[in-house]
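Overview (structure and organization)
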There are 2 protein chains.
Amino acid sequence: MDLLKTTIGQIVAQDSGFRDKARTRLEQLTMPYWALGRLMDLAVDLAGMTRSMNPKVERRAVVTMAADHGVAAEGVSRYPQEVTLQMVHNFVNGGAGINALARVANARVVVVDMGVAGDLSELSQAGRIITKRVGSGTQNMICGPAMTREQAVRCLEAGIEVAFDLGAGTDIFGTGDMGIGNTTSASAVVAAITAKSVETVTGRGTGIENGQLHHKVEMIEKSLAVNKPDPDDGLDVLSKVGGFEIGGIAGLVLGAAAMRRPVILDGFPATAGALIARCLAPLSADYMIAAHKSVECGHQAMLAHLGKTPLLDLDLRLGEGTGAALAMTLVEAAARILTEVATFDEAAVSKAKG
Amino acid sequence: MDLLKTTIGQIVAQDSGFRDKARTRLEQLTMPYWALGRLMDLAVDLAGMTRSMNPKVERRAVVTMAADHGVAAEGVSRYPQEVTLQMVHNFVNGGAGINALARVANARVVVVDMGVAGDLSELSQAGRIITKRVGSGTQNMICGPAMTREQAVRCLEAGIEVAFDLGAGTDIFGTGDMGIGNTTSASAVVAAITAKSVETVTGRGTGIENGQLHHKVEMIEKSLAVNKPDPDDGLDVLSKVGGFEIGGIAGLVLGAAAMRRPVILDGFPATAGALIARCLAPLSADYMIAAHKSVECGHQAMLAHLGKTPLLDLDLRLGEGTGAALAMTLVEAAARILTEVATFDEAAVSKAKG
């Protein structure tokens, strides 16, 4: 609990002085006023986060956290639970979507076992994954809490540790998730925190049909009725209807925010982690960048709650950190606009009339 | 005229066999069905364009074409005409928005003087720009045609030549523009081709206020009334209300399509060039990728006419090829999804149930 408390205590708002300084420079660049639109907004954010007019975003890591979910036993996914384990191997072997997109972004993929139901000890011993197992999958949240409050703290502190350990060599973080059943958990988290109806924040996840979707909504409603998570207590929400990887991602976000580094949110389960982080430390939202708007219908409610407008809208619904990886080059673009584009005076270009 | 005719004759549709083959592979990747959404649509397009399951997009060039516009004398821009010339120097010195964003995309910036009103001979002799001057700015289109039909052909053939010359070392092209007054010309082009009212396709360009916008609309209406461009004749539209850089971009698109290489459309003036290209060779649209949706209100009408959905929507309104550069990494992502992600069988991951 100490690490969590200390970390939350270190999180402060973006620096308004650097925001102003960045805005002033951006207004003088050789282009019509704010002609690079949202990239310029992002450049202001980067300056405010990093307290620098030369925000570093070169060393990039997408942290993909994997865990299993007890609620998968209720038949809420199109895929069997073993896929979580199999996909961890796929990540390590470089064959997954996130591997391809991280190469585009020139980012490392760091895979964390937060609690996969299966044996990953070989990959762990070989140093190919980080092991922070909090359990072998969560409990089934329709019967009671997904995890204990102590386990929730361990998830969060594990995520913080990962952020701090990577911090020496990482300027910018991306969040990623893998866990069969985790959109069910993410829907429960967003319903609990925003008080939206379960139906409006529950989507098809891996691609379930109408009947299964109806069942999924019922299971989520049951989990909320059984557990009654307290929307003002992030630890309560996480422990009752969350997941180990969602807690790990929440911790990663807190750790990044404490280090004043930007952290890019990915899709629906990853953004559920960001919701937990914001619940525990509202100012952590100052360090979040929303990569994209997921196909998953509850994602927009999450982003609205966080006050974030996504950079991309490409009908993605994969997770793993793929959207975060795609957005990393846009963040690089924003940083370069701030640092590499000449002002009217520097380039001797005539200014606007009148 | 021979080069134009031959080039148009070489443009054929995307290959449906390679599209099908790509779709089949993408459906087997280790992810829920089509979970990378529009990037997977784009991967199908790339296979269809390049006739390859391994579409190459490594060698990238943003071609930024600059020219001046006689209509600038009517006070349609916030900036003086000399800015076109000054910005060419800025491009060559690496200080403009396009330079910063091309670095993100790992793309070359190739600057072409299509007819800037000013002396660029030093840069030309030093080999720092390509010179294809068709004139020293167009004529004022509110008094008559912006250029002769012969000049329109020269613009187009110049663009084709640039595409072919770069072709040996370029897998993918981005289009860019620079020219004070060119959103006025682009609005006239889209109004002429789509028969939309001038008011609905005319925006603030570099950021003019309401009064100046009203005047701009009047000038465009006058140019159309005076010239009566034939919407079915791309050469007629280009010569009467186009611009040298818009024609050059149209030629570049035709050249890229003839070589079966993808070409990324940028903002409003660059997409006006694409409209001319499609008018001359409808199948050239098969090789176009729409980078982004510009703030400029007529851009959406252009993209709808071309049947394109933009990849990005970031409130950009700079031009120069900046949006095209940003989209290049998304195109790389699409290619890597097709070639680098493992199938369920390859990675031994369990498939969906039922």
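For the structure itself, look to the data block above.
Residues numbered from 1 in each chain as written. Chains lettered and ligands numbered in written order. Predicted model: local features only at pLDDT ≥ 70, side-chain atom pairs only at ≥ 80, totals over all residues. Heavy atoms only, no water.

Digging into the overall build of chain A
The test is simple: In this description a helix means any DSSP run of H or I spanning at least four residues, a strand means any run of E spanning at least two, and both kinds are numbered starting from the N terminus. Our radius of gyration looks at C-alpha atoms and nothing else; its globule reference is 2.2 Å times the residue count to the power 0.38. Each residue is placed in one exposure class: buried if its accessible area under a 1.4 Å probe, protein chains only, is under 20% of its type's maximum, exposed if it is over 50%, and partly exposed if it falls in between.
Looking only at helices and strands, chain A has 15 helices and six strands in total. Here the C-alpha radius of gyration of chain A, 20 Å, is about what a compact globule of 354 residues would show, namely 20 Å. Once the C-alpha set of chain A is aligned to its principal axes, its extents read approximately 70 × 45 × 40 Å. For chain A, the proportion of its 354 residues judged to be buried stands at 66%.

Examining the sheet that holds strand E5 (residues 263-265) of chain B
Residue and element names in this part refer to chain B. For clarity, the threshold we go by: Paired strands, as defined in this entry, are two strands with at least two bridges between them according to DSSP. Between two residues, a contact is recorded if the distance between any of their heavy atoms is within 4.5 Å. Orientation is described by lines fitted to C-alpha atoms, with helices fitted over the stretch in contact, and by angles between N-to-C directions that extend from 0 to 180 degrees.
Taken in spatial order, the six strands make up an open sheet running E3-E2-E1-E4-E5-E6, and their pairing is parallel. Two strands bound the open sheet, and with one partner strand each, they are strand E3 (130-131) and strand E6 (288-290). As paired elements, E5 and E6 share three bridges and run parallel to each other. Bridge pairing links Val 263 to Met 288 in E6. Contacting strand E1 (60-67), strand E2 (107-115), strand E4 (172-178), E5 and E6, helix H11 (residues 244-258) runs over the sheet at an angle of about 175° to E4.

Focus on the sheet that holds strand E3 (residues 130-131) of chain A
Residue and element names in this part refer to chain A. Strands sit in the order E3-E2-E1-E4-E5-E6 across an open sheet of six strands; the sheet is parallel. Each edge of the sheet is formed by a strand with only one pairing partner; in this case those strands are E3 and strand E6 (288-290). Here strand E1 (residues 60-67) pairs with strand E4 (residues 172-178) via seven bridges, running parallel. Across the sheet, the residue bridging to Ala 66 is Met 178, located in E4. The sheet strands contacting helix H7 (residues 149-167) are E1, strand E2 (107-115), E3 and E4, and the helix crosses E2 at an angle near 155°.

Observations concerning the pairing of E2(B)
All names here are of chain B. For E2, a buried count of seven out of nine residues is recorded, marking the element as mostly surrounded by other parts of the structure. Of the pairings in the sheet, the one linking E1 to E2 comprises eight bridges and is parallel in character. If you follow Ala 61 over to E2, its bridge partner there is Arg 108. Relative to E3, E2 is paired through two bridges, and the arrangement is parallel. Directly across from Val 112, in E3, lies its bridge partner Ile 130.

Focus on the interface of chain B and chain A
Put simply, the test is: By convention, the term buried area covers the 1.4 Å-probe accessible surface removed from two parts as they join, with the contributions of both added. Salt bridges are counted wherever a side-chain nitrogen of Lys or Arg sits within 4 Å of a carboxyl oxygen of Asp or Glu. Polar contact is defined as a pair of N or O atoms within 3.5 Å, subject to the rule that within protein one atom must be able to donate a hydrogen and the other to accept it, and that residues adjacent in sequence are counted only when both atoms are side-chain atoms.
Between chain B and chain A, the residue contacts involve 56 residues of the former and 56 residues of the latter. Summed over both sides, the interface of chain B with chain A buries roughly 4,600 Å², with 62% coming from carbon and sulfur. Broken down residue by residue, the surface that chain B buries against chain A is led by B:Tyr79, B:Leu314 and B:Lys353, which jointly contribute 12%. At the junction of chain B with chain A, the criterion picks out two salt bridges. Here A:Glu340 and B:Arg103 are joined by a salt bridge, their closest N and O atoms 2.5 Å apart. Linking chain B with chain A are 19 residue pairs in polar contact (both at pLDDT 80 or more). Only helix H3 (37-50), helix H4 (82-92), helix H5 (97-105), helix H14 (322-340) and helix H15 (344-347) of chain B provide two or more residues apiece to the side of chain B that touches chain A. Looking at the side of chain B that touches chain A, the element that brings in the most residues is H14(B), giving nine residues.

A closer look at a negative patch on the surface
The condition is simple: Patch membership is restricted to residues that have no salt bridge and whose relative accessible area is over 30%. Joining uses 9 Å for like charges and 5 Å for the nonpolar side chains Val, Leu, Ile, Met, Phe, Trp and Tyr. Every accessible area reported is derived by Shrake-Rupley at a probe size of 1.4 Å, with residue values counting cover from the shown protein chains alone. Positive charges come from Lys and Arg alone, negative charges from Asp and Glu alone, with His and the N- and C-terminal ends not counted. Lysine's charge is taken at NZ, arginine's at CZ, aspartate's at CG and glutamate's at CD.
Together, A:Asp41, A:Asp313, A:Asp315, B:Asp41, B:Asp313 and B:Asp315 make up a negatively charged patch on the protein surface. Following the sequence through the fold, B:Asp41 ends up in helix H3.

Some words on helix H10 (residues 234-241) of chain B
All names here are of chain B. The element H10 is extensively covered by neighbouring structure, given that eight of its eight residues are classed as buried. Among the residues of H10, those classed as buried are Gly 234, Leu 235, Asp 236, Val 237, Leu 238, Ser 239, Lys 240 and Val 241. On its buried side, H10 packs onto helix H7 (149-167), helix H8 (182-194), helix H9 (210-227), H11 and helix H12 (268-280). In this structure Asp 233 caps H10, since a side-chain oxygen of it lies 3.1 Å from the backbone nitrogen of Leu 235.

Some thoughts on the environment of A:Ala146
Residues and elements named next belong to chain A. The residue Ala 146 is located in the loop between E3 and H7 in this model. Relative accessible area serves as the criterion here: at 1%, Ala 146 is assigned to the buried category. Measuring from C-alpha to C-alpha, the distance between Ala 146 and Ala 257 comes to 26 Å, with 111 residues separating the pair along the chain.

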